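Analysis of the macromolecular model
Residues per chain are reported as follows:
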Amino acid sequence: QVQLVESGGGLVQAGGSLRLSCAASGSTFSFYAIGWYRQVPGKQRELLAAISHSGTTTYADSMKGRFTISRDNAKNTVYLQMNSLKPEDTAIYYCNAGFSRGNYYSPRDYWGQGTQVTVSS
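Now for a description of the structure that goes with this document. Worth saying up front: this structure is predicted, and the values here are computed from it rather than measured.

Considering the pairing of strand 8 (residues 77-82)
Regular strands show a simple pattern: their side chains alternate between the two faces of the sheet. With respect to burial, strand 8 is a largely interior element, five of its six residues being buried. Pairing between strand 3 (residues 18-25) and strand 8: six bridges, direction antiparallel. Residue pairing across strands places Ser21 opposite Tyr79, the latter belonging to strand 8. Judged from the six bridges that link them, strand 7 (residues 67-72) and strand 8 form a sheet pairing that is antiparallel. In the sheet register, Arg71 faces strand 8, and the bridge partner there is Val78. Between strand 7 and strand 8, which pair antiparallel one after the other, the connecting turn spans four residues, and Asn76 there sits at a positive phi close to 50°.

Here we look at the sheet that holds strand 3
Overall, antiparallel pairing links the four strands, which are arranged 1-3-8-7 in an open sheet. Each end of this open sheet is capped by a strand with a single partner; those strands are strand 1 (3-7) and strand 7. For this sheet, the mean angle separating the axes of adjacent strands, direction not counted, is 15°.

Quick notes on the side chain of Arg71
In this structure, Arg71 sits in strand 7. There is a polar contact of 2.8 Å between the side chain of Arg71 and the backbone oxygen of Tyr32. A distance of 2.7 Å separates polar atoms of two side chains, one belonging to Arg71 and the other to Asn73.

Digging into the nonpolar core
Ile34, Trp36, Phe67, Val78, Leu80, Met82 and Tyr93 are the most contacted members of the largest nonpolar core, which has 27 residues in total. Going through the elements one at a time, strand 3, strand 4 (33-39), strand 5 (46-51), strand 7, strand 8, strand 9 (91-101) and strand 11 (115-120) are the ones with two or more residues in this core. Ignoring any residue separated from it by four or fewer positions in sequence, one finds Leu80 in contact with Leu18, Arg19, Leu20, Trp36, Leu48, Ala49, Phe67, Thr68, Ile69 and Tyr93.

A closer look at the environment of Arg66
Topologically, Arg66 is positioned in the loop between strand 6 (57-59) and strand 7. Arg66 sits 54 residues away from Ser120 along the chain, and the two C-alpha atoms are 17 Å apart. Contact partners of Arg66, with chain neighbours within four places excluded, come to Gln81, Met82, Asn83, Ser84, Leu85, Lys86 and Asp89. Engagement of the side chain of Arg66 in a polar contact is seen with the side chain of Asp89, the distance being 2.8 Å.

Quick notes on the rules
- Residue positions within a chain follow its written sequence, with the count starting from 1.
- Restriction of local features to residues with pLDDT of at least 70 applies here, the model being predicted, together with a cutoff of 80 or more for giving and counting side-chain atom pairs; totals for whole chains, interfaces and linings are based on all residues.
- In computing side-chain properties, one takes all heavy atoms of the structure into account and sets aside hydrogens as well as water.
- Using a 1.4 Å probe on the protein chains alone, a residue whose accessible area is under 20% of its type maximum counts as buried, one over 50% counts as exposed, and one in between counts as partly exposed.
- Each helix is a run of DSSP H or I of at least 4 residues and each strand a run of E of at least 2, with the numbering of both proceeding from the N terminus.
- Think of it this way: DSSP has to see at least two bridges between two strands before they count as a pair.
- Between N-to-C directions, angles cover 0 to 180 degrees, with each direction set by a line fitted to C-alpha atoms, over the stretch in contact for helices.
- Here a polar contact is recorded for every N or O atom pair within 3.5 Å, except that within protein the pair must consist of a potential hydrogen donor and a potential acceptor, and residues adjacent in sequence are included only if both atoms are side-chain atoms.
- Definition used in this section: a nonpolar core is a set of buried Ala, Val, Leu, Ile, Met, Phe, Trp, Tyr and Cys residues joined via side-chain atoms within 4.5 Å.
- Residues are treated as being in contact if the distance between any of their heavy atoms lies within 4.5 Å.

Rendered as structure tokens:
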């Protein structure tokens, strides 16, 4: 079992940056890969980036170069650094605990409550 809490969202102007945090509770956090997703109303949740338990990262092609995922197992936290934000990045951002093999991320049913990111033009 793992519980996840996202934070760090907010309102930012286009071109700005935000760093989202996904804090986990539970002794098994370091065994999980973590994925960051986002969702806008009327659309499916979209996987942005994932990081394995050992730190291997994978990104959606559209996120490469702007978003960076990292983790600090000592703090039970995964981060998503988002740079050069665009209005189309506006969404609710969620983290998920799952498993990964190579570039493939398999989510499990462990989700945070989400954090809103709004990018103004």
